[in-house]
Amino acid sequence: MCGIIGYTGNDNSVPKLIEGLKALEYRGYDSAGVAVFSDGGITVVKAKGRISNVESKIKSEYDSLFSLCGIGHTRWATHGEPSDINSHPHGTQNLRLVHNGIIENYIQLKKELIEAGYTFESETDTEIASKLIDLNYISTGDPFLAIKLSLEKLQGSYALGILFKDFPGKIFATRKDSPLIVAVSENGNYIASDIPAVLKYTNKYYQLEQGEIAVIEKDKVTVYDIGHNIVEKKLLVADWDIDAAEKGGYDHFMIKEINEEPAAIVKTIRPRIENGLPCLGLPELSDDKLRSFKRINIVACGTAMHAGLIGRTAIERLARIPVNVDIASEFRYKNPILDKDDLVIIISQSGETADTLAALRLSKELGAYTLAIVNVAGSSIAREADSTLYTWAGPEIAVASTKAYTVQICVMYLLAIKLALCNNKITEENAKESLRVLLEQAPEAAEMALKLNDECRRISDKYKSAHDLFFIGRGIDYDIALEASLKLKEISYIHSEAYAAGELKHGTISLITDGTPVIAICTEDALYDKMISNIKEVKARGAKVVIICKKGAVGAEEVADDVFYVPELPGIYMPIPTMTVLQLIAYHTSVLLGCDVDKPRNLAKSVTVE
Ligand code: AGP
């Protein structure tokens, strides 16, 4: 996902822009650039590849570039390949802009602009937006009007930072469906896609709402609605500090964030237990309201969807309420059957994933009650859902989600306990015991799993050269297998799939040949014997099997090539320590293969485009 930074103040903006872009690298990108006011005009420096390429260009072309106001961008290519020309900023002699999002009607707009005499050098939709604003600026001479008239024609998603040559020192900003904040400090003001870009300078910010147009000056921020009425904004304070957004001595953000899991569980769960019982802290979601839901739908993408699978298992087993889990990009186009008796749980670390946000909006249109489980405060999904349960995991910078997943499933457990209690499926004593597991035993088990780091690295080293690696499981272990497989493939690029173990003989066992690694997740007691049978099936066809199980698992050492004992928790909570172990195995595999652990190829931290 693209990253935007802007600064106007008393300092040289160039180093701030570069540092801000580096703090946004985790969002994934393939080119970068800056535009700054200088010598009566706007100087643009942009390049394909890493931000360091922009720094090198600045040094070689300008020796040193000084400007009190500028904007910067990291581009994650959508329209047009990664290249110098396609990098942002884009614009004309009158203006330069940076953009995060997708202009959906770019073809029609480009046709109209060509008819108006414009030519284009890049393949991007962003350049089209910049020339539309230019056209309106030439006809009105007014930046606000130029932006307002352009927004009336732009369709799609955008966060825009704009410099107008005739207005040095000012940054104009607006957004629709892509995130953008305006941060304020003693020494100048910023725009940014996300708070980590400015945490070094300030944690105070305004959240720009849909369609608002902000004018940022070094000592003043004015936000207008589309009718040019000033909007009074609430100043927000991020509870993240710069250390939280730095590596803190770890080699990678991912290993740091895995190690933060025990603390993240406590931070997320503890405030939601009162007198030993679950307390969501959402007055609008009363017990009666919770009891009114006849069906629950969980909608998310990627790892968040996998957390939803654990949530389904927990809610169905504890509260006996039917739960559907949908991939957001499928849900939004399947004409879902929803009404006021439905609860739709939307899970998202970033709170900005386009498909998930669209699924939220569709659910609300259809009358369902929407509950968001989100890690980033003030994000679009958090603000648009009927209710929001934050996962207080702190900033998750690595593209591969780890601690966010762990706290997402913990919130799902909490919700399952709450639903079970208010539907009289469990007693208050059961609920208190379950919460003691969640708040006390689960963090301990995660800590114990972290201590198995060397064993995880040994497994990684043994199987890192695999071309294909399969995960199998039954019940909640199948839910785990799906996430473990995604984690491994997205950061090590090893082809991996997860299969319901009972499905192997219906086709996929044909893929097993001599030496094929199979990681069998066997933490479900009631399904253990079935798993052993499935393990024997794949062993008979030459597979190398790693069993992930609890101590004392009968017969494991006889059938497997490797047995990995994970710390024990009561049944449905086993995903917590088991996933920590599987995340560590994926992490070490990626490191041993020399992959870019925190920023895997082709991936972005939050996919704000469809
Ligand atoms: C997680 O490892 C992946 N990078 C990805 O699947 C991610 O979970 C997905 O894009 C959803 O993101 P969200 O939680 O921010 O909505």
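For the structure given in this document, a descriptive report is provided here. Here the structure is a predicted model, which is why all the values come from computation and not from measurement.

Remarks on the overall build of the chain
Consideration 1: Across its full length, the chain holds 19 helices and 26 strands.
Consideration 2: Its C-alpha radius of gyration of 25 Å places the chain within 12% of the 25 Å reference for a compact globule of 610 residues.
Consideration 3: For the chain, the spread of C-alpha atoms along the principal axes amounts to about 75 × 55 × 45 Å.
Consideration 4: Taken over 610 residues, the chain has a buried fraction of 62%.
Consideration 5: Looking at the chain alone, contacts between residues at least 24 apart form 72% of all its contacts between residues at least 6 apart.
Consideration 6: Accessible surface computed for the chain: about 22800 Å², of which carbon and sulfur atoms make up 50%.
Consideration 7: Computed over 67 positive and 83 negative side-chain charges, the inter-centroid distance for the chain is 1 Å.

A look at unusual backbone geometry
Consideration 1: Put simply, His-88 and Pro-89 share a cis peptide bond, and its omega is 5°.
Consideration 2: Checked against the element boundaries, Pro-89 lands in the loop between strand S4 (69-75) and strand S5 (90-91).
Consideration 3: Positive phi, close to 50°, is recorded for Asp-39, a residue that is not glycine.
Consideration 4: Looking at where Asp-39 falls in the secondary structure, it is placed in the loop between strand S2 (31-38) and strand S3 (41-48).
Consideration 5: We classify Asp-39 as exposed; its relative accessible area is 84%.
Consideration 6: We note that His-228 has phi near 65°; this positive angle belongs to a residue other than glycine.
Consideration 7: With respect to the element layout, His-228 can be found in the loop between strand S13 (220-224) and strand S14 (236-237).

Re the sheet that holds S3
Consideration 1: Ordered by their spatial adjacency, eight strands build an open sheet running S3-S2-S4-S1-S10-S9-S11-S14, and the pairing between neighbours is antiparallel. Here the strands that pair on one side only, and so sit at the sheet edges, are S3 and S14.
Consideration 2: In this sheet, S4 lies alongside S2 in antiparallel orientation, the contact comprising six bridges. Bridging across to S4, Ala-32 finds its partner in Thr-74.
Consideration 3: Relative to strand S1 (residues 3-9), helix H1 (residues 13-23) is tilted by about 155°, and along the sheet it contacts S1, S2, S4 and strand S10 (188-192).
Consideration 4: Each of S2, S3 and S4 touches helix H2 (residues 51-62); the most contacted strand, S3, lies at about 130° to it.

Side note on the site of the ligand
Consideration 1: Contacts to the ligand come from 14 residues, most closely from Ser-348, Ser-350, Thr-353, Lys-487 and Glu-490.
Consideration 2: Take Thr-303: an N or O atom from its main chain is 3.1 Å from an oxygen atom of the ligand.
Consideration 3: Side-chain polar atom of Thr-353 to an oxygen atom of the ligand: 2.5 Å apart, as the coordinates give it.
Consideration 4: Mapped by element, the contributors of at least two residues to the shell around the ligand are helix H9 (302-319) and helix H16 (476-492).
Consideration 5: Looking at the shell around the ligand, its residues break down into five nonpolar, seven polar and two charged.

What about helix H4 (residues 125-140)?
Residues lying three or four places apart along an α-helix face the same way, a consequence of the helix completing one turn every 3.6 residues.
Consideration 1: Given a rise of 1.5 Å per residue, 16 residues ought to cover 22 Å, and the 23 Å separating the end C-alpha atoms of H4 matches this to within 8%.
Consideration 2: Taking burial as the measure, the 16 residues of H4 include 12 buried ones, the bulk of the element.
Consideration 3: Among all positions in H4, only Asp-125, Thr-126, Glu-127, Ile-128, Ala-129, Ser-130, Lys-131, Leu-132, Ile-133, Asp-134, Asn-136 and Tyr-137 are buried.
Consideration 4: Those residues of H4 hidden inside the fold are in contact with S5, strand S6 (95-103), helix H3 (106-115), helix H5 (143-151) and strand S7 (156-164).
Consideration 5: Positioned one or two residues after H4, Gly-141 has a phi angle of 70°, which is positive.

Quick notes on the sheet that holds strand S23 (residues 495-500)
Consideration 1: One open sheet holds the five strands; their spatial order is S23-S22-S24-S25-S26, and the pairing between them is parallel. Each edge of the open sheet is held by one strand with a lone partner, namely S23 and strand S26 (562-566). The average undirected angle you get between the axes of adjacent strands in this sheet is 20°.
Consideration 2: In this sheet, S26 lies alongside strand S25 (residues 544-550) in parallel orientation, the contact comprising five bridges. Bridge pairing in S26 places Val-546 opposite Asp-562.
Consideration 3: In the packing of helix H15 (residues 453-463) onto the sheet, contacts are made with strand S22 (468-473), strand S24 (517-522), S25 and S26, and the angle to S26 comes to roughly 150°.
Consideration 4: Across the face of the sheet, helix H17 (residues 528-539) comes into contact with S22, S24 and S25 while running at roughly 175° to S24.

Focus: the packing of aromatic side chains
Consideration 1: Under the definition given, this model contains nine aromatic pairs.
Consideration 2: Between the aromatic rings of Tyr-7 and Tyr-190, the centroid separation amounts to 4.9 Å while the plane-to-plane angle is 50°, which identifies the pairing as tilted. Taken together, the residues span a long stretch of sequence, with Tyr-7 in strand S1 and Tyr-190 in strand S10 at a distance of 183 residues. Of the two residues, Tyr-7 and Tyr-190, neither departs from the other in class, the shared state being buried.

Quick notes on helix H13 (residues 403-422)
Consideration 1: The terminal C-alpha atoms of H13, which comprises 20 residues, lie 29 Å apart, in line with the 28 Å expected from a rise of 1.5 Å per residue.
Consideration 2: Taken across its 20 residues, H13 has 20 buried, putting it largely inside the fold.
Consideration 3: Positive phi appears at Asn-424, one or two residues downstream of H13, with a value of about 55°.

The rules behind these values
- Residues numbered from 1 in each chain as written.
- Predicted model: local features only at pLDDT ≥ 70, side-chain atom pairs only at ≥ 80, totals over all residues.
- Heavy atoms only, no water.
- Helix = DSSP H or I, 4+ residues; strand = E, 2+ residues; numbered from the N terminus.
- Rg over C-alpha atoms; globule rule 2.2 N^0.38 Å.
- Buried < 20%, exposed > 50% of the residue type's maximum accessible area, 1.4 Å probe, protein only.
- Contact = heavy atoms within 4.5 Å.
- Areas by Shrake-Rupley, 256 points an atom, 1.4 Å probe, with all protein chains shown as cover.
- Lys, Arg positive; Asp, Glu negative; His and termini not counted.
- Charge placed at Lys NZ, Arg CZ, Asp CG, Glu CD.
- Pairing = 2+ DSSP bridges.
- Axes fitted to C-alpha atoms, helices over the stretch in contact; angles between N-to-C directions.
- Near = heavy atom within 4 Å.
- Polar contact = N/O pair within 3.5 Å; in protein donor to acceptor, adjacent residues only side chain to side chain.
- Nonpolar A, V, L, I, M, F, W, Y, C, P; charged D, E, K, R; others polar.
- Expected span 1.5 Å × (residues − 1).
- Phe/Tyr/Trp six-rings, centres within 6.5 Å; stacked < 30°, edge-to-face > 60°.

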